[in-house]
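As a plain string of letters, each chain reads:
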Amino acid sequence: MYRHLCAQNYLRWLVLSVFLITQPAFAEVITLKNGMRIEGSVGKIGSLDGAVAAGAAGGGDVAVKEIVIIDDDLRRVFVGQKSVQTFGDSQMSAFERIKLQQAVASAGPGIASVGPIVKVEPFDKYGRRTFTMAGNKGNIDVIQGITEITPKFTKVEALTRGSYQYVWSMRIATSSIPRETLSEILMHRIDPKNAEQRLSIVRLYLQAQRVQDARAELEGVIRDFPNLGNLQELVGRLRATGSNMLFKEIELRREAGQHRLAIDMLTNFPSEGVGGEMKLQATDTLKEYEDIKAKGDLVLELMKEHHSKIELDGPRQKALPLCQEIAAEMNIHTLNRMADYLRLQNDPKMTPDQKLSLAISGWLMGSGNGTDNLAVALALAQVRDRVRDYLLAKRKPERDAALTALNSLEGSTPESVAKLIAHMKPPMATFAVIKGPEPDPAIPEKKAEPVAGPAVAPPAVRAPVVAPPAPIAPGKKGPGGLLDDKLPAAPPPAEVIKANKVVLPPPVDKDGSPIGDLPAYAGINGLLQLQTPGISEDPIINYYVQLPPEYDPYRRYPCIVTLNGAGTNALQQVDWWAGPHSAKAGMRYGQATRHGYIVIAPVWTRDHQREYEFTAREHAAVLYSVRDAIRRFSIDTDKVFLSGHSMGADAAWDIGLAHPDHWAGVIPIVARADKYITRYQENGRNLPMYFVCGEKDGDKWFVNAADWEKYLKYVGYDSMVVQFQGRGHEHFHDEIQNIFEWMNLHRRNFFPKKFEANVLRSWDRYFWFVEVDQMSDKSVVDPVQWPPPRGTLPTKIEGAILPNNGISADTSAGKITVWLSPEMIDFDNKPFVVLKKGKRVLNPQPDLPVLLEDVRTRGDRQHPFWAKVTN
């Protein structure tokens, strides 16, 4: 059984636990330099190792306590002293604490390590359940009971069971207990005929910001105590809290790009019991949407007018498809591209074709990049189309032809191409467009529409094609990257078709021939199953994508890449992040849905795999899935986070350190440091990391402590470790809201001023703007050869952006390539690159083929490299 750790680790755990509990503490709010706020009782230690902590507690040799602990009774959060911005007093007021009498075990063996969880029964009406874990001699059943409930945490302790019992205390988030269960437990704890005790339940829910639950309980109190006259204050507080939370939810949905939902919520915003200021905020926000719609309608009317006044038939006909494109696809996410056009639309010195040119070029290249030369604007549209041809070409002769066509067009400079790429839709079409009636030969007149029309919100015109994909021969990549011809094809909801009078045109290739497209997986809206070519070991890589509500290809979305552990699968990871799908509502209700994140779940493990193997096959499954998704969907490449559970967390930790330039942050949940992870510590200096673990998850705390300490103590790391009290090896859904708060504060730093990296595998050779090759055999260790032979030294890679318009890069490998971007250097001001052994390359210049090939291979349309230098 997993009751005991080895003697040494058990002693360390016990000392560390006592130290954390007995240190003098006071309630504070810690604000980190990354903006994260953490509230709780604060202490400091010099080391995560229990023995060192004991020395610090006793005033021993540890002089500097560089690790800060924040204990909020549910979790202990460990951060580095150097990452703290400010310490402040907590503003928390007293909150409800409801205690339950249980027969708590007071003697017997302590549960020092929680074994693999076999089953956890729901709590009964007495707040008791059976927790079953695996032990060395079979399953172990522990009877647990709730002994304390607060708005934030619920304390659960082991109860007596005959003559044999365990001592064990754990904390779970109160938010994880459903209201029906929690209310039933509380009603058995209190006197239902005591109004004050009933109101304590209402206050608990209100303090937990579970407003709907508080309202349901309050309605019961009012029903059972109709003559109680002191409820108006609580009713008012409940309404005020509810309206404040509703408005915050509206703001959250707006930030997530879910404007239709926000408009619906604003339109139905409650009026009863809502303060004047809150009503005014809701009214003003709805007025903003109306103003945006009016501005969009104005743009379309002006374009129609200016197009009709172009005198020459040739330019007028060439401009028509672009005007129709803008009329069909402009929405709240792209309206800002018309800023120059709107600003100058009344300028009497400009001709209609000059004004229309501003609209077209602004649409293609973004605000501030417009031109009043219609011929140039039309040429830019051709450049964009040839760029798309290049990015979609599968063979080199096709790419060469597209490049030749580009070189013959005006405006095909690296600067223009980079702007066009940044503002175009993802090059690989995965959705078909559901169109309305065919447009008139002229620009269609904009008809009166509700506030949620195309000029306001992403048009509801994208749905998976309902035709099933064509069969795929074994080992052959299907058209459009199809995965499985047996998947059910889900038609769009009938109400969408009816409301928009849509038709589903069959997808066609360039020559007009029909092609297959991806159906929604299992009939779930926005959930797709895709595939991409892999490596020789696994030539086909499968992965799932869950798109957020109101997905629009012109808006950039943050993204989570999530890796499953042993015994779970990729679809369960989607559920963890985006929430289970509600068939009745036709949507998910999880945090990724609320915050507007795209979820990518690679199928990265083989059947019956029980451990992460640190292989190229596993890295390719993750990295290739992400790159393929970036080509298909509008993903903000500065907001891609990598996470995983259990062995998936081991993979996320390793892949994050091996390829740190890919991620805005890495979130390993119950991970274990091993092999390359312990050798790649330096690689994480520019990589934000958020670790979640259980206090009683075997010996992982002590295995991981050395790595975590370096992250917490050394300058340059942005890391935190969250430890749940009394918990073992779990998925820790309790932490998901805090994780989203952390992710929303982070963006990838793709151009760090300085970095160093260690490499021990042949495929870990690209870091930010430096790529190496020809590494010494003595510095390369394949996973099957682990541990490294004595004397093995990793390949060192260094890079820096110099203050005098230069780049320096060095490595112990034989070959080095430096990739250059205008975000790093000024190409017009004599840049230079210093390579290994002091070799200097002067005045490197942008190169269109380099730019196009970089975007094609990496998929990053936000930060393409314009040039490269190789020694």
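Structure: see above.
Summarised in this report is the structure supplied together with it.

The rules we used
Residues numbered from 1 in each chain as written. Predicted model: local features only at pLDDT ≥ 70, side-chain atom pairs only at ≥ 80, totals over all residues. Heavy atoms only, no water. Helix = DSSP H or I, 4+ residues; strand = E, 2+ residues; numbered from the N terminus. Buried < 20%, exposed > 50% of the residue type's maximum accessible area, 1.4 Å probe, protein only. Contact = heavy atoms within 4.5 Å. Areas by Shrake-Rupley, 256 points an atom, 1.4 Å probe, with all protein chains shown as cover. Polar contact = N/O pair within 3.5 Å; in protein donor to acceptor, adjacent residues only side chain to side chain. Pairing = 2+ DSSP bridges. Phe/Tyr/Trp six-rings, centres within 6.5 Å; stacked < 30°, edge-to-face > 60°. Lys NZ or Arg CZ within 6 Å of the ring centre and 35° of its normal.

Here we look at the overall build of the protein chain
In step 1: In terms of regular secondary structure, the protein chain is built from 23 helices and 32 strands.
In step 2: Going through the 871 residues of the protein chain one by one, you find that 54% of them count as buried.
In step 3: In the protein chain, once contacts between residues fewer than 6 apart in sequence are set aside, the share between residues at least 24 apart is 69%.
In step 4: For the protein chain, the accessible area works out to roughly 38,200 Å², and carbon and sulfur atoms hold 51% of it.

Re the environment of Ser113
In step 1: Note that Ser113 resides in the loop between strand S6 (98-99) and strand S7 (117-120).
In step 2: As for Ser113 and Glu695, which are separated by 582 residues in sequence, their C-alpha atoms are 8.2 Å apart.
In step 3: A polar contact is formed between the side chain of Ser113 and the backbone nitrogen of Gly698, at a distance of 3.1 Å.

Observations concerning the sheet that holds strand S32 (residues 867-870)
In step 1: One open sheet holds the four strands; their spatial order is S25-S26-S29-S32, and the pairing between them is antiparallel. A strand with exactly one partner marks an edge of an open sheet, and here the two such strands are strand S25 (766-767) and S32.
In step 2: Of the strand pairs in this sheet, strand S26 (residues 770-773) and strand S29 (residues 815-820) are connected by four bridges, and their pairing is antiparallel. Its bridge partner lying in S29, Val770 is registered against Val818.

Let's talk about the side chain of His306
In step 1: Within the secondary structure layout, His306 lies in helix H8 (residues 276-308).
In step 2: By relative accessible area, His306 is classed as buried at 4%.
In step 3: Side-chain polar atoms of His306 contact the side chain of Tyr341, separated by 2.7 Å.
In step 4: Look past the residues within four positions of His306 in its chain and what remains in contact with it is Tyr341, Gln345, Pro352, Lys355 and Leu356.

Topic: the packing of aromatic side chains
Two measures describe an aromatic ring pair: the distance that separates the ring centres and the angle between the ring planes.
In step 1: Summed over the entire model, instances satisfying the criterion amount to 31 aromatic pairs.
In step 2: Each ring, one from Phe691 and one from Trp708, has its centre 5.6 Å from the other, and the planes form 55°; the classification is tilted. Of this pair, Phe691 sits in strand S22 (residues 689-694) while Trp708 sits in helix H21 (residues 700-713), and the two are 17 residues apart along the sequence.
In step 3: Overall, Phe691 belongs to the buried group, its relative accessible area being 1%.
In step 4: Under the relative-accessibility criterion, Trp708 is labelled buried at 3%.
In step 5: Grouped by ring-pair contacts, the aromatic residues Phe78, Trp653, Phe691, Trp701, Trp708, Tyr711 and Tyr717 constitute a single cluster.
In step 6: Just above the ring of Trp363 sits the side chain of Arg337; from NZ or CZ to the centre is 5.1 Å.
In step 7: For the cation-ring pair, Arg840 lies above Phe832, with the distance from its terminal atom to the ring centre recorded as 4.6 Å.

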